[in-house]
Structure formats: structure tokens, C-alpha cells
Amino acid sequence: EAGVAQSPRYKIIEKRQSVAFWCNPISGHATLYWYQQILGQGPKLLIQFQNNGVVDDSQLPKDRFSAERLKGVDSTLKIQPAKLEDSAVYLCASSLDQSVGETQYFGPGTRLLVL
Amino acid sequence: AQSVSQHNHHVILSEAASLELGCNYSYGGTVNLFWYVQYPGQHLQLLLKYFSGDPLVKGIKGFEAEFIKSKFSFNLRKPSVQWSDTAEYFCAVLDQTGANNLFFGTGTRLTVIP
């Protein structure tokens with residue numbers, strides 16, 4: 001079974017530039033999550049989708065971050081404009097559905113460096 | 001709000017030593033708890049989880065964790081570590097609002113010396 005795919009794996013940009021990350025969840029998984037993991041910290045949830053609808057985006061800095069999952073499969077996370085403090089690993093995860101305790105499967109992450 | 005504390009930031013052990021990594025959570029109600037592991041260069045993956053029932057949970061690769069409600073703890077243990085256990089270990093608690101969101105601790109880096 002193919003896992004969660006993410007691209008790019010690495011990205012270096014200057015502050016105030018924009019950047020986009022892509023995620024393809026495990027086939028058949030209805031729920032998709034984006035996490036931000038800053039160096040030395042645990043992953044922090046940014047947004048959760050159930051199919052193409054947003055379940056929780058309370059931790060998403062909406063002035064600069066946006067995410068979409070238009071067809072309920074792939075998802076894109078965008079940062080515009082980027083700040084130095086956005087340097088982190090952005091993890092995508094998926095689960096079969098949003099049932100409590102449903103196992104989340106993580107992708108390899110995109111490592112972002114903002115200069 | 002839920003939160004998770006992992007007090008050990010970096011643990012160094014020799015092979016065959018016993019392991020115990022601490023995890024404490026703040027939520028006082030029903031909790032669902034997880035341990036995830038990230039091996040060097042690999043994805044985060046589930047090690048074990050606790051929902052209800054037997055407070056001693058067995059996971060993959062010989063790991064286990066014990067849920068102690070009175071201590072708000074969910075410590076991870078392994079009787080004899082191997083070099084291949086070198087990884088970062090994250091404890092997590094499930095959001096109780098029903099959205100299946102995880103709150104992670106800051107992680108503990110385990111280095112096993114051959």
C-alpha cells in the first residue's frame with residue numbers, strides 16, 4: 001500500500017515570498033491533516049479536512065496560510081507571505097475517516113527554510 | 001485544553017539497557033493516548049495507543065506503555081533496547097472535541113550506543 005506522498009521534500013525561500021506544499025493521502029482515506037513541526041517541538045495541527053470540507057482550522061494562521069482539498073483527495077498548503085518563523089517541517093497525514101482514534105499515517109514532510 | 005509533557009529531551013543508553021520514557025498529560029477526563037516514533041530519515045509512525053481497557057498496552061518492536069490515571073502518565077518502556085531503536089519518540093493525546101486531532105509532546109531523542 002502506498003503511503004502519504006508529499007512534495008517538495010525541501011524548500012528554501014526568502015521572507016515575504018510565497019510557497020506551496022502538496023500532499024497526496026493514502027488511497028481511500030477521507031481525512032487529511034496538515035501539521036507544522038518547528039525544530040525541537042512536536043507536530044502541531046494546522047488544519048484537518050474531511051473529504052473536501054474543513055473540520056478544524058483553529059490553529060491555522062489565516063492571514064498568511066491557506067489550504068485546500070478541492071476534490072477531496074490531494075491537498076495544497078500555501079504560505080503567502082512567508083516569515084522567518086515559518087521555517088519548519090510541514091507534515092501531511094491521513095486517516096480512513098475522522099472517527100476518534102483512527103490511526104493517522106504520516107508523510108515524509110516538507111522541510112521549509114525561510115531566509 | 002489538553003497538553004502533553006515529555007521531560008526527557010535526550011536519552012542515551014547502551015544496547016540491552018532498559019528504557020523508560022516519561023509522558024504526562026494534563027486533561028482530567030477520558031483520554032486517548034499514543035506513542036509515535038520517527039526513525040532517522042523515516043516518517044512518523046504509530047508505536048502503540050491506549051483507548052480503554054487494560055492499562056498496559058503492547059506495541060510494535062517490543063515496546064509497551066502503561067496508562068496510570070492517578071499520575072496522569074503514559075510512560076513508554078522496553079526491557080532491552082537495540083541500536084535500531086535510535087529514534088525520536090513522541091507522546092500524543094487525542095483532542096476530546098471529537099475531531100480526531102492529536103496534541104503532541106516535544107519528543108524525546110533516544111540514542112542507543114552499540
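Refer to the structure presented above.
Keep in mind that this is a model prediction, so the values were computed, not measured.

**As for the overall build of chain A**
On a plain count of helices and strands, chain A comes out with 0 helices and 11 strands. Across chain A, helices and strands are ordered from the amino to the carboxyl terminus as β-β-β-β-β-β-β-β-β-β-β. In terms of overall dimensions, chain A is globule-like: its C-alpha atoms have a radius of gyration of 13 Å, near the 13 Å expected for 115 residues. Each principal axis of the C-alpha atoms in chain A carries an extent, and together these give about 40 × 25 × 25 Å. The proportion of buried residues among the 115 residues of chain A is 46%. When contacts within chain A are restricted to residue pairs at least 6 apart in sequence, long-range pairs at least 24 apart make up 54% of them. By element, 50% of the accessible surface of chain A is carried by carbon and sulfur atoms, the whole surface being about 5,700 Å². For chain A, the distance from the average position of its 12 positive side-chain charges to the average position of its 11 negative side-chain charges is 8 Å.

**A look at the interface of chain A and chain B**
Between chain A and chain B, the contact holds 25 residues from the first and 19 residues from the second. Remark: the boundary between chain A and chain B carries 0 salt bridges. On the surface where chain A and chain B come into contact, there are 5 residue pairs in polar contact (both at pLDDT 80 or more). Only β4 (31–37), β5 (44–50), β6 (53–56) and β9 (88–95) of chain A provide two or more residues apiece to the side of chain A that touches chain B. The element contributing the most residues to the side of chain A that touches chain B is β4(A), with 3 residues. Partitioned by chemical class, the residues of the side of chain A that touches chain B number 10 nonpolar, 12 polar and 3 charged.

**What about the layout of surface pockets?**
There is about 760 Å³ of room inside the largest pocket. Taken together, 33 residues line the largest pocket, and the ones lying closest to its centre are Gln37(A), Val89(A), Arg111(A), Gln38(B) and Glu88(B). Breaking the lining of the largest pocket down by element, the ones donating at least two residues are β9 and β11 (110–114) of chain A together with β10 (87–94) and β12 (108–113) of chain B. The dominant element in the lining of the largest pocket, judged by the number of residues it contributes, is β11(A), at 4 residues. Tallied by class, the residues present in the lining of the largest pocket amount to 14 nonpolar, 15 polar and 4 charged.

**What about the state of the cysteines?**
Applying the stated criterion to the full structure yields 2 disulfides over all chains. For Cys23(A), the disulfide goes to Cys92(A), at an S-S distance of 1.9 Å. Between Cys23(A) and Cys92(A), the disulfide has an S-S torsion of -70° and is therefore left-handed. Here Cys92(A) lies in strand β9 and Cys23(A) lies in strand β3 (residues 19–24), a separation of 69 residues in the sequence. Accessibility expressed as a relative area gives 0% for Cys23(A), which makes it buried. On the basis of relative accessible area, Cys92(A) is assigned to the buried category, the value being 0%. The partner cysteine of Cys23(B) in its disulfide is Cys91(B), sulfur to sulfur 1.9 Å. Taking the sign of the S-S torsion, -65° for the link of Cys23(B) and Cys91(B), the bridge is left-handed. Separated by 68 residues along the polypeptide, Cys23(B) in the loop between β3 (19–21) and β4 (24–25) and Cys91(B) in strand β10 bring together distant segments of the chain.

**With respect to the environment of Cys23(B)**
For Cys23(B), a relative accessible area of 0% translates into the label buried. For the pair Cys23(B) and Asn75(B), spaced 52 residues apart in sequence, the C-alpha to C-alpha distance is 5.2 Å.

**With respect to the side chain of Arg69(A)**
Residues and elements named next belong to chain A. The residue Arg69 is located in the loop between β7 (65–68) and β8 (75–79) in this model. Among buried Asp, Glu, Lys and Arg side chains, Arg69 stands out as unpaired, with Asp74 the closest opposite charge at 7.2 Å. Among the polar contacts made by the side chain of Arg69, one reaches the main-chain carbonyl oxygen of Asn51 at a distance of 3.0 Å. Excluding anything up to four places from it in sequence, Arg69 contacts Pro25, His29, Ala30, Thr31, Leu32, Phe49, Gln50, Asn51, Asn52, Asp74 and Ser75.

**Some points on the packing of aromatic side chains**
How two aromatic rings sit relative to each other is set out by the distance from centre to centre and by the angle between their planes. Residue and element names in this part refer to chain A. Tallying each qualifying case throughout the model produces 16 aromatic pairs over all chains. The interplanar angle of 45° and the centroid separation of 5.4 Å between the aromatic rings of Tyr35 and Phe106 together place this pair among those described as tilted. Separated by 71 residues along the polypeptide, Tyr35 in strand β4 and Phe106 in strand β10 (residues 105–106) bring together distant segments of the chain. The class of Tyr35 is buried, set by a relative accessible area of 0%.

About the cut-offs
By convention here, each chain's residues receive numbers from 1 onward along its written sequence. Chain labels run from A onward and ligand labels from 1 onward, assigned in the order the entries are written. Local features in a predicted model are, by the rule used here, given only for residues with pLDDT of at least 70; side-chain atom pairs are given and counted only at 80 or more, and totals for whole chains, interfaces and linings are based on all residues. Note: side-chain values were computed over all heavy atoms of the structure, leaving out hydrogens and water. Every helix listed is a DSSP run of H or I at least four residues long, and every strand listed is a run of E at least two residues long, numbered separately from the N terminus. We compute the radius of gyration over the C-alpha atoms and compare it with the globule rule, which gives 2.2 Å times the number of residues raised to the power 0.38. Working definition: with a 1.4 Å probe on protein chains only, accessible area under 20% of the residue-type maximum means buried, over 50% means exposed, and in between means partly exposed. Residues are treated as being in contact if the distance between any of their heavy atoms lies within 4.5 Å. With residues, only the protein chains shown are counted as cover, and all accessible areas are computed by Shrake-Rupley using a 1.4 Å probe. Counted as positive: Lys and Arg. Counted as negative: Asp and Glu. His and the chain ends are not counted at all. Taken as the charge location is NZ of Lys, CZ of Arg, CG of Asp or CD of Glu. Whenever Lys or Arg places a side-chain nitrogen within 4 Å of a carboxyl oxygen from Asp or Glu, that contact is recorded as a salt bridge. Here a polar contact is taken to be a pair of N or O atoms separated by no more than 3.5 Å, where protein atoms must pair a possible hydrogen donor with a possible acceptor and residues adjacent in sequence count only if both atoms sit in side chains. Following the grouping adopted for this structure description, the nonpolar residues are Ala, Val, Leu, Ile, Met, Phe, Trp, Tyr, Cys and Pro, the charged ones are Asp, Glu, Lys and Arg, and the polar ones are all others, Gly among them. Put simply, the grid is 1 Å and covers the protein atoms alone, a cavity is a trapped set of points that fit a 1.4 Å probe, a pocket is an open set with protein on both sides within 12 Å along at least five of seven lines, and lining residues have an atom within 4 Å of a point. Grid points are joined across faces, edges and corners, and a volume is the space filled by probe spheres set on the points. Our working definition of a disulfide is a cysteine sulfur pair at a distance within 2.5 Å. The criterion for an aromatic pair is that two Phe, Tyr or Trp rings (for Trp, the six-membered ring) have centres within 6.5 Å, with stacked assigned to planes under 30 degrees apart, edge-to-face to planes over 60 apart and tilted to the rest.

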